[in-house]
Structures are given as C-alpha cells and as structure tokens.
2 protein chains.
Amino acid sequence: MTTADGRQTRRGRPGYDKESLLQVAVKVFNERGYDGTSMDELSKRLGISKSAIYHHVSGKDELLRLAVDRALDGLFAAAEQAMAVEGRAVDRLEHLVRASVGVLVDRLPFVTLLLRVRGNTTVERRAMARRREFDRMVADLVAQAAAEGDIRPDVDPAITSRLLFGMVNSLVEWYRPQGRRSGAELADTVCKIAFTGVRRPRPPDPQSSAVSGGS
Amino acid sequence: MTTADGRQTRRGRPGYDKESLLQVAVKVFNERGYDGTSMDELSKRLGISKSAIYHHVSGKDELLRLAVDRALDGLFAAAEQAMAVEGRAVDRLEHLVRASVGVLVDRLPFVTLLLRVRGNTTVERRAMARRREFDRMVADLVAQAAAEGDIRPDVDPAITSRLLFGMVNSLVEWYRPQGRRSGAELADTVCKIAFTGVRRPRPPDPQSSAVSGGS
DNA sequence: ATCCCAACTGAACGTCCGGTCGGTTATTTG
DNA sequence: CAAATAACCGACCGGACGTTCAGTTGGGAT
C-alpha cells in the first residue's frame, strides 16, 4: 500500500528510497561527471555502503537512465504544450522557449546531466537520439516561423534554432535555484535577449525623441 | 636541429610527435569524454601501444593540460586584442565575440574539451579558474557597455553576458569545420543573432514598405 | 657503414572499478 | 509479541585502469 499523499508512513527500515537516492546521485554526477563518479564515491556521499545502492537500482546505468528520461520527458511535454498553441509559428516558438526554460529550472540537475551525455553506452545513445528528435522539432518550428516571415531572413533557420537553444541550454552552466528569481522571470529575460538581442533597441517611434543625452 | 619550416625532415624513427599525438588524443577525449577514455582505448585509436604514449607525455593529465591551455591561451589573446579597440565598450564587446568565435573555430577540439572540464583534478581546477577569469572580463565589458547605454537596460548585465557567451560557447556542440563556412562568416551570424535577436527586425524607415507578401 | 636518436614494444605492477552474495538491522502492521 | 517489509552491511570477485620499465626498431645524418 503506497499512501497517495506525503507518504510520511512507510513500511520497513527508514532510509533512502529510489527517489531520494536518485536526487543525490544526479547531484554527484553533475559535480564530478558521470564517468568520473565511482560507485564507492557515490556511496560515501550517500552515507551508506556501496552494496546498499544495488538494493534500489540495478546499477550505475539505471541511475543515468532515470535521470535523462526525467529530463527528456519534461522537454517533450513542453514541446507538446507549445505545439498546441494556435496562431503564428513564432508564438509557438516563444512558448516553447518559455516552457523549456521552465523544465530546465524545475528539473535542473536532470537536464544538466542530459546535456553532458556523450554516447558511450546504450543508455546514453538512446538519450542522445531522443534529444536529437527534440532539436529537430525546434528546427522545424523555427523554419516554419521563418517561412511566415517572423524570423530574420538573413540567417539560415537551422543555425538560428541552434543558437537559440544553445543560449537556452547554457542556463545549466550558471543558473542556481537558490536565488528568488522564478522560472517565469528567467524565461522572460531569456526571451528578451534571444528574440530582440542584447543591444539596446532603438526607440520605436521617432517622434518621441525626448530622451536625454546621458547623465 | 629543428628545421624552422615545414619540418619535413625529422631525426629518428618516424611516427607521432607530441603535437600529432595531442591532436588525436583531444579528438578521442571529445568523442568519449576525458574520464570515459582509457589509455588503452586511446592507444588503439593511435595505432601504437599504450606504453608508447608515455614516451611523449608524462600521463593522461598532461594531455588534458596541453589541450585546455591551448584553448585558454587563445581566448585570452582574443580578450587582449579586443580590449585594445578604442571607442565604445559595445564595440570592444562585439570585437571580443568575433575574436572568440574565431578562436573557437580555429581551436575547436581544444575549446570543446575546455568547456566540459568538471574540476576533478588539479589541472581541471586550474583551467576552470582561468576560464572564470575570462568570464569576469566579459562580464565587466558588458557592464561597461551597459553603463554607456549601448546594452538593453531591462536585463541585468551579468545575465546578459552569460547568455551572450552561452550562445557563443554552444557552437562547439554543432559547428564542424568541414563546411565551407569560414570563421568570419560564422562570427557575423552569431553577432547578428546575439546583438539584434532572432526576430525579424522591423523595417527602419516606414516609407519603403514595398515588400511583397511572399511566394 | 655506422652512429644517433626518437619512436616504439610487451609484460608486468598495484589500485580502483562496477557488481554480487549471504546475512543483518530497523520500522510498521496486526 | 510476532510477521512482514524495506534498507543496509562487509567481504569478496574478475577485470579494467593508469603507469612503469628494460629493451627493440627503424630512418636520417655523417
């Protein structure tokens, strides 16, 4: 019997369950790298013996699989949600960027791990394949928005999409949730920079040129 | 005696020297990850025995050190060059972006490896420290440009600089030099997207609105 | 022809790796 | 109190890891 709520009552000896163990494991994987983390090091960080880990998961592989799937499931849910937006493709694209930033913030450690996968094992190669599928959807969306005339025509849409999500994905390198900056707030910032650039935009109407010349 | 030119004549048994070995090693490190690459695997890719590698370098560490230093030296040279540009800070910034893209293209495998360093060893930690120093210079430059009013004031300059170079650095994920796209051409594209955004800019003068409606 | 020298080999080494196994401890349920 | 349940331990295994070492190979220079 699993209690549907906060599961404060759990049978057996208390300690880690699969979920809490995964949280710590992914954290360590991100600090030292997946290949750079030994099961022994991981067990020390968990405060339990190495063999205890195998009570929860079948091996190191499964920890990675659980992590990257959680990231990918989030990203595909974001894509599905964005595709449902009616109207212009560029609006779907902006929605996708916002939703992706949301997933990135909510599941930061998992997405971080996903973005560093190299393809050494079957688990990694499958993750990379799913990720490429996501990237293809983004590229298609950008191409569609370009065809509708809402994306700058002087850059190849394939490159635009890569630079756009290159910027989005780079969040994992520095964003830390401790700050009071919410996900939506961050998504706003990313959209501003990504869609209209880092340069100060020129005043839209040349009539109201009452801007002072500085200090 | 080292011949100053193409060094087509070299003493001793022919084979790898430190440089040609480094090229292959960095390539393999980028494919499988540094920690994920064993000296045995590396020796197979080189076509020589494992122990032969130690004739050229002191160990796996040195290969990594040589690689990341080559990337960092390039980036700092780019920074120095950019700082020498007179005029507005935003011009120095654009120069720095272009020069950084240039380094990224010229030394792609080395920069790729640098950007994936996690800090497990002393070599890695020192590389990360130097990289943070570079990032600090970028952040200062963006802050200066913002103070001069050339960067959009509605986003924290610290975040702007991170997103900007997040986009630049994401090039290592997909750019491959085989295409005929030159570094300068790519730098132009990156500057366009980064400084003025992915969205189609509104026509600057509303008089010439003779744009056709499509196909 | 011979010397030099850089490149290379093969067999080890101690250590760490991911994973296994049989048994133990702590908590909830009835 | 048992019974059921879930988490955990310590010793161990075979193999892969980075590295070492005493020698060997092969081409350029003289």
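Calculation rules
Residues numbered from 1 in each chain as written. Chains lettered and ligands numbered in written order. Predicted model: local features only at pLDDT ≥ 70, side-chain atom pairs only at ≥ 80, totals over all residues. Helix = DSSP H or I, 4+ residues; strand = E, 2+ residues; numbered from the N terminus. Rg over C-alpha atoms; globule rule 2.2 N^0.38 Å. Buried ≥ 20, exposed ≤ 12 C-beta atoms within 10 Å, placed from the backbone. Contact = placed C-beta atoms within 7 Å. Least-squares fit on C-alpha atoms with pLDDT ≥ 70 in both. Near = placed C-beta within 6 Å. Nonpolar A, V, L, I, M, F, W, Y, C, P; charged D, E, K, R; others polar. Domains from an automatic or database assignment. Expected span 1.5 Å × (residues − 1). Arc of directions from axis to C-beta. Core = buried A, V, L, I, M, F, W, Y, C linked by C-beta atoms within 7 Å. Axes fitted to C-alpha atoms, helices over the stretch in contact; angles between N-to-C directions. Parallel < 35°, antiparallel > 145°, perpendicular 65-115°, else oblique. Left-handed = near helix turned anticlockwise from the far one by under 90°.

A few words now on the overall build of chain A. The helix and strand tally for chain A stands at nine helices and zero strands. On C-alpha atoms alone, chain A measures out to a radius of gyration of 22 Å, which is more than a quarter above the 17 Å that the 2.2 N^0.38 rule sets for 215 residues. Sorting the 215 residues of chain A into buried and exposed places 37% on the buried side. Across chain A, contacts joining residues at least 24 apart in sequence account for 65% of those joining residues at least 6 apart.

With that settled, the discussion passes to the relation of the copies chain A and chain B. The two copies are related by a screw motion: chain A maps onto chain B through a turn of 180 degrees and a shift of 0.0 Å along the axis, at an RMSD of 0.0 Å. Between the two chains, the operation in question is that of a two-fold axis.

Here we take up the protein's contact with DNA strand D. Neighbouring DNA strand D are 25 residues, the closest being Gly12(A), Gly15(A), Ser51(A), Ser38(B) and Gly59(B). Elements with a minimum of two residues in the surface near DNA strand D: helix H3 (50-56) of chain A together with helix H2 (39-46), helix H3 (50-56) and helix H4 (60-83) of chain B. A per-class count over the surface near DNA strand D returns six nonpolar, 10 polar and nine charged.

Moving on, we get to the interface of chain A and chain B. Opposite the 37 residues of chain A that make contact, chain B presents 36 residues. Sorting the residues of the side of chain A that touches chain B by element identifies helix H8 (157-169) and helix H9 (183-196) of chain A as the ones contributing at least two each. With eight residues, the top contributor of residues to the side of chain A that touches chain B is H8(A).

Surveying the vicinity of DNA strand C reveals 26 residues, the closest of which are Ser38(A), Gly59(A), Gly12(B), Gly15(B) and Ser51(B). For the surface near DNA strand C, the secondary-structure elements that each account for two or more residues are helix H2 (39-46), H3 and helix H4 (60-83) of chain A together with H3 of chain B. It is H3(B) that provides the largest number of residues to the surface near DNA strand C, a total of four residues.

The subject of this paragraph is the domain arrangement of chain A. When the parts come together, some accessible area is lost, and that loss is often what is quoted as the size of the interface. Residue and element names in this part refer to chain A. Assigned domains of chain A: these are domain 1 (18-56) and domain 2 (65-196). Computed from C-alpha atoms alone, the centre-to-centre distance between domain 1 and domain 2 is 28 Å. Of the residues that constitute the side of domain 1 that touches domain 2, the class distribution is four nonpolar, one polar and one charged.

On to the environment of Gly183(A), then. Residues and elements named next belong to chain A. Structurally, the position occupied by Gly183 is in helix H9. Classification of Gly183 as partly exposed rests on a count of 18 C-beta atoms within 10 Å. Along the sequence, Gly183 and Val105 sit 78 residues apart, while their C-alpha atoms lie 6.0 Å from each other. Not counting the four nearest positions on each side in its chain, Gly183 is found in contact with Val101, Gly102, Val105 and Asp106.

Across its 14 residues, helix H9 (residues 183-196) of chain B extends 20 Å between first and last C-alpha, which sits within 8% of the 20 Å expected from 1.5 Å per residue. Of all the positions in H9(B), only Leu186(B), Ala187(B), Val190(B), Ile193(B) and Ala194(B) are classed as buried. Buried residues of H9(B), viewed axially, fall in a sector of 135 degrees; they line one side. The elements touched by buried residues of H9(B) are H8 of chain A together with helix H5 (89-106) and helix H8 (157-169) of chain B. Gly197(B) sits one or two positions beyond H9(B) and adopts a positive phi of about 90 degrees.

Below, the discussion takes up the nonpolar core. Ranked by size, the top nonpolar core spans 109 residues in total, and within it Val190(A) and Val190(B) carry the most contacts. Sequence-distant contacts of Val190(B), defined by excluding residues within four places in its chain, comprise Leu163(A), Val97(B), Val101(B), Met167(B) and Val168(B).

Turning to the packing of helix H1 (residues 18-32) of chain B against H4(B), a few remarks are in order. All names here are of chain B. Following both chains from N to C, one finds H1 and H4 inclined at 90 degrees, their axes separated by 10 Å at the closest point. Judged on the interaxial angle alone, H4 and H1 are roughly perpendicular. Counted together, Leu22, Ala25 and Val26 of H1 and Leu63, Leu66 and Ala67 of H4 form the full contact between these two elements. The residue makeup of the contact of H1 with H4, split by class, is six nonpolar, no polar and no charged.

Residue and element names in this part refer to chain A. Tracing the sequence through the fold places Ile159 in helix H8. Its 20 C-beta neighbours within 10 Å are what place Ile159 among the buried residues. Taking the C-alpha atoms as reference, Ile159 lies 9.6 Å from Val142; in sequence the two are 17 residues apart.

Take the packing of H8(A) against H8(B) next. In the contact formed by H8(A) and H8(B), the axes pass within 8 Å of each other and the chain directions differ by 130 degrees. Our classification of the angle between H8(A) and H8(B) gives oblique. Judged by the twist between their axes, the crossing of H8(A) over H8(B) is right-handed. Contacts between H8(A) and H8(B) involve Leu163(A), Gly166(A) and Met167(A) from the first element and Leu163(B), Gly166(B) and Met167(B) from the second. Partitioned by chemical class, the residues of the contact of H8(A) with H8(B) number four nonpolar, two polar and no charged.

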